[in-house]
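Given next are the chains, with one letter for each unit.
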Amino acid sequence: MAGEMVSLEQCLEKYVPERELKEITRILYGRELPDIKISEKAEQLSQRHNFEVKAYQICAAKEELTSPRIVRVGVIQNSIAAETTAPVSEQRAALHEKITHMTEAAALCGVNILCYQEAWTMPFAFCTREKQPWCEFAESAESGPTTQLCQELARKHNMVIVSPILERDSIHGDTLWNTAVVVSNTGYYLGKSRKNHIPRVGDFNESTYYMEGDTGHVVFQTQFGRIAVNICYGRHHPQNWMMYGINGAEIVFNPSATVGGLSEPMWGIEARNAAIANSYFTCAINRVGTETFPNEFTSADGKPAHKDFGHFYGSSYVAAPDGSRTPSLSRTHDGLLVCDLDLNLCRQVKDRWGFRMTQRLDLYAASLSAAIQPEYQPPVVKDMC
């Protein structure tokens, strides 16, 4: 990761005078968010295992009749922990160990709901189109070793855990899926949400391994609020975000794996815009680092064969329905982002802006129903002069 810029925030802090920096922060992030004091033990753990911890609060207006509904969320971004040439069992075990330490730090920070990055138990090998050894990372969503680990951690820390994995569905012909497993704070397997939209762009050859998910837009009612998981490429589809909101989500996690040369200009926009448009909180999570594979692969774009995707730029953040957002985690280092969210803000923004009331779902339902018909003709008025 040598030569990569650590973060936009670090550059601003280094070169912009304090008075101007405060105004720039307001413009970039909507409002200045108070920090949360990180526990000394969490700080020590982060230093010992080489990851950063940042923590913020996103408050709502005080109300007379309703108490604040504060939930503390955490998101983790990380690099892989072993070489991609190591045995599969060693690679997964190393990541299990790394994430266990980071989860312990989240628990020390009082996190209620924690989400890991997309396919966190493995390198993002879907670029290679090779079936071996990468398919060996796939495991049962309900009872695989990663879910068992998450159940243990959830029970231990009284924490809901969202764990995106490569799933093997042995009931339906050993098919593979890109899946997020949700474990309740009691350690109970709550359910799963499969990736709705599969990329076919650049090196992202994921349809070699799995196809579009079949779980729809499921929302999970946890003890801390209603959550949903919009996995990676689904963030490019506004209708995908919209359906989680229609189904009642208050927090939507977006665990991702995306590289700088492809998507970075869009990264800070999409999850934030979804939070505004759908009156819920969004948590955008991206992995970190450059992962190199043993064999070269091509993208069918005329460029030379290569052994890596490019740099996964991290930059995880949380966005609120009022348009505000936290600063990002680093572009180059493992990190834990903690954020207090007052879920009352979702309702308050709906009251203020009226996006739900003015949404006109009936209009779009009729238009979309017509548009998918084979004989459809767009209602384009042509100038015949």
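Just so you know, these numbers come straight off a predicted model, no measurement behind them.

K.L.:
Any chance you could break down the pattern of salt bridges for me, citing the residues and the numbers?
P.N.:
For the structure on display, the rule yields 21 salt bridges. Its salt-bridge partner being Asp 322, residue Arg 31 comes within 2.9 Å of it at the nearest N-O pair. Residue Arg 31 is found in the loop between α2 (18-29) and α3 (40-48), and its partner Asp 322 is found in the loop between β15 (317-319) and β16 (335-342); the two are separated by 291 residues along the sequence. Judged by relative accessible area, which is 26%, Arg 31 ranks as partly exposed. For Asp 322, a relative accessible area of 35% translates into the label partly exposed. One salt bridge connects Asp 334 with Lys 98, and the closest N-O pair in it is separated by 2.7 Å. In this pair, Asp 334 sits in the loop between β15 and β16 while Lys 98 sits in helix α4 (residues 88-108), placing the two residues 236 residues apart along the sequence. Take Asp 334 and Lys 98: they sit in the same class, and that class is buried. Here the salt bridges do not stand alone but share partners, grouping Glu 142, Glu 167, Asp 169, Lys 192, Arg 194 and Asp 214 into one network.

K.L.:
Explain a nonpolar patch on the surface to me, and be specific about the residues and the numbers.
P.N.:
A contiguous nonpolar surface patch, about 230 Å² in accessible area, is contributed by Met 5, Leu 8 and Leu 28. With respect to the element layout, Leu 28 can be found in helix α2. On the basis of relative accessibility, which here comes to 30%, the residue Leu 28 falls in the partly exposed class.

What counts and what doesn't
- Residues numbered from 1 in each chain as written.
- Predicted model: local features only at pLDDT ≥ 70, side-chain atom pairs only at ≥ 80, totals over all residues.
- Heavy atoms only, no water.
- Salt bridge = Lys/Arg side-chain N within 4 Å of Asp/Glu carboxyl O.
- Helix = DSSP H or I, 4+ residues; strand = E, 2+ residues; numbered from the N terminus.
- Buried < 20%, exposed > 50% of the residue type's maximum accessible area, 1.4 Å probe, protein only.
- Patch = residues over 30% accessible without salt bridge, like charges linked within 9 Å, V, L, I, M, F, W, Y side chains within 5 Å.
- Areas by Shrake-Rupley, 256 points an atom, 1.4 Å probe, with all protein chains shown as cover.

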